[in-house]
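Read off the chains here:
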Amino acid sequence: IHLTKVTGNLDDCACDVETINAFNNDLLYPKLQTLLESDYFRLYKVNLNKPCPFWTDHSHCGVRDCAVKPCSPYSAEANEQLDECEKAEHLGAVDVSLSEETREAVLDWSKHDDEAERFCVVDDEESPDAQYVDLLLNPERYTGYKGPEAWQIWNSIYEENCFKPYTVPRPLNPATFYSTRTFYSWLEGQCVEKRAFYRLVSGLHASISVHLSARYLLGDNWFERKWGPNASEFQQRFDSELTKGEGPKRLRNLYFLYLIELRALAKALPFFQQASFQLYTGQLEQDQKHKEQLLDILQLARSFPLHFDETALFAGDREEAAKLKEDIRLSFLNISKIMDCVGCFKCRLWGKLQTQGLGTALKVLFSERQIEALPKSRTGWPTFQLSRQEIVALLNAFGRVSTSIKELQNFRSLLSEQQ
Ligand code: FAD
């Protein structure tokens, strides 16, 4: 696939795809993967059982790879239910391979987080239905979730939250799904932040499409299920007539998403540098080591040359910026509610995590002044906070986009071999 360069005011960025590829694939991606394997980052607390607030819930998809049953957390019984819960893919139960100390500490985390940091309350975290999910045991990959149900979700995200571009023809027709001239002329008329918002959602959508193509179900028989890259699925989604030439634009949106989240990580550095900040799991030596790894990644993010004009994005006139911030915050709130309508638990899990991660990235970008003003050693009430759930979501969401960029390299070589 020919990936055109990321240039100009498309995303207010002056860097090209090759620079990002080299930076990500050779430097950042390996470090990030190591960090995300740590206990702190692999366990994400989430409520997957919230009812869909917008329409009557469809039956959860009957496909084996997305209808993952949540197990009751932390009990020996839960860990014995592995077969019930799609082999080693169970949601809810904490991984038996974790050390006993960590499993005990997990139970203690919420207490620690609330008391030590008084982070903002996120309903998912507070709910009695919220549970820790081991992300390493539930990789994002092809699930078979598709068709009108999935389109309805994407459609609602674009239609309801992208500042209402135009009404999507009904019945939903993915072929005409907002990829019309009307949409693009509308988009160009929007302020830079609103255009950016659309590109972020489209980038997230592209990232999910890359992942499901990269970890596709290639073989399924009773003794083995094989997952791996499916180049023709990738081509269908990004380089076929079906996309009406939109494929490269969608991939550029993925790069844009990458840059925004990378920038947010760079900006968040002072928050994580605070002496009072810990990656608490109860294993002090490990926690300190992981904090150092995290700071190393954030320094690396800072070292990447300025990739977009930040005075044009997320700043502007104070009043206008405050209104935009609120618009975007509300949009993210809506998107996270829409995620409760995703009829496939695994897609719901990763959808929630990635929207929360992106929401957290935007929160960071909009809070630059507060973060820079953070005292080095905390006295009094901090002006900027991130909850454990937000931190885990931010880093894992970025991990997903970073993996997508890496997967693109793989597809490039697979497709060139085929030629
Ligand atoms: P879809 O991807 O459903 O897209 C619908 C229409 O949107 C397309 O026809 C096109 O016009 C437009 N479009 C497509 N991509 C973009 C883009 N990047 N930017 C702008 N417009 C675009 N499936 C899995 O196998 N594994 C998962 O983990 C998974 N997670 C999901 C998470 C969420 C939140 C949702 C809503 C769906 C998820 N799915 C997942 C389903 C997957 O995203 C697709 O919906 C499904 O594979 C059907 O694909 P499709 O080709 O019909 O087009």
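Everything numeric in this text was worked out from a predicted model, so none of it was measured.

## What to know about the overall build of the chain
Broken down by element type, the chain carries 15 helices and four strands. Here the chain, with 419 residues, has 37% of them falling under the buried criterion. Sequence separation of at least 24 residues holds for 73% of the intrachain contacts in the chain that already meet a minimum separation of 6.

## What about the UniProt feature "binding site: FAD" (unreviewed entry) in the chain?
The sites that UniProt annotates as "binding site: FAD" (unreviewed entry) are R141, T143, W154, S202, H205 and R237. Here S202 is to be found in helix α8 (residues 192–214). Beyond its immediate stretch of four places on either side in the chain, S202 contacts R250 and N253. For R237, the position within the fold is in helix α9 (residues 231–238). On the basis of neighbour count, R237 is assigned to the partly exposed category, with 19 C-beta atoms found within 10 Å.

## Points about helix α10 (residues 247–273)
Compared with an ideal rise of 1.5 Å per residue, which puts 27 residues at 39 Å, α10 spans 39 Å between its outermost C-alpha atoms and is within 8% of the ideal. Buried residues dominate α10, accounting for 20 of its 27 residues.

## Focus: the confidence of the model for the chain
Per-residue confidence for the chain averages 75 on the pLDDT scale, and 66% of its residues sit at or above 70. In the model, residues 1–10 has pLDDT below 50 throughout and makes 20 contacts with residues more than four positions away in sequence or in other chains. Contacts of residues 109–121 to residues separated by more than four positions or lying in other chains number 13 contacts, the stretch itself having pLDDT below 50. Here the predicted complex scores 0.83 on pTM and 0.99 on ipTM.

What counts and what doesn't
- Along every chain, residues carry numbers that run from 1 in the direction the sequence is written.
- Thresholds applied to this predicted model are a pLDDT of at least 70 for local features of residues and 80 or more for the giving and counting of side-chain atom pairs; totals over whole chains, interfaces and linings are not thresholded and use all residues.
- What counts as a helix is a DSSP run of H or I of at least four residues, what counts as a strand is a run of E of at least two, and both are numbered from the N terminus.
- To assign burial, the other C-beta atoms lying within 10 Å of each residue's own C-beta are counted, with C-beta atoms placed from the backbone; 20 or more indicates buried, 12 or fewer indicates exposed, and intermediate counts indicate partly exposed.
- Working definition of a contact: two residues with C-beta atoms, positioned from the backbone, lying within 7 Å.
- UniProt positions are given in the numbering used here, feature names are shortened, and annotations may be inferred rather than shown by experiment.
- In a helix, the anticipated span is given by 1.5 Å times the number of residues less one.
- Scored from 0 to 100, pLDDT reflects the predictor's confidence in each residue.

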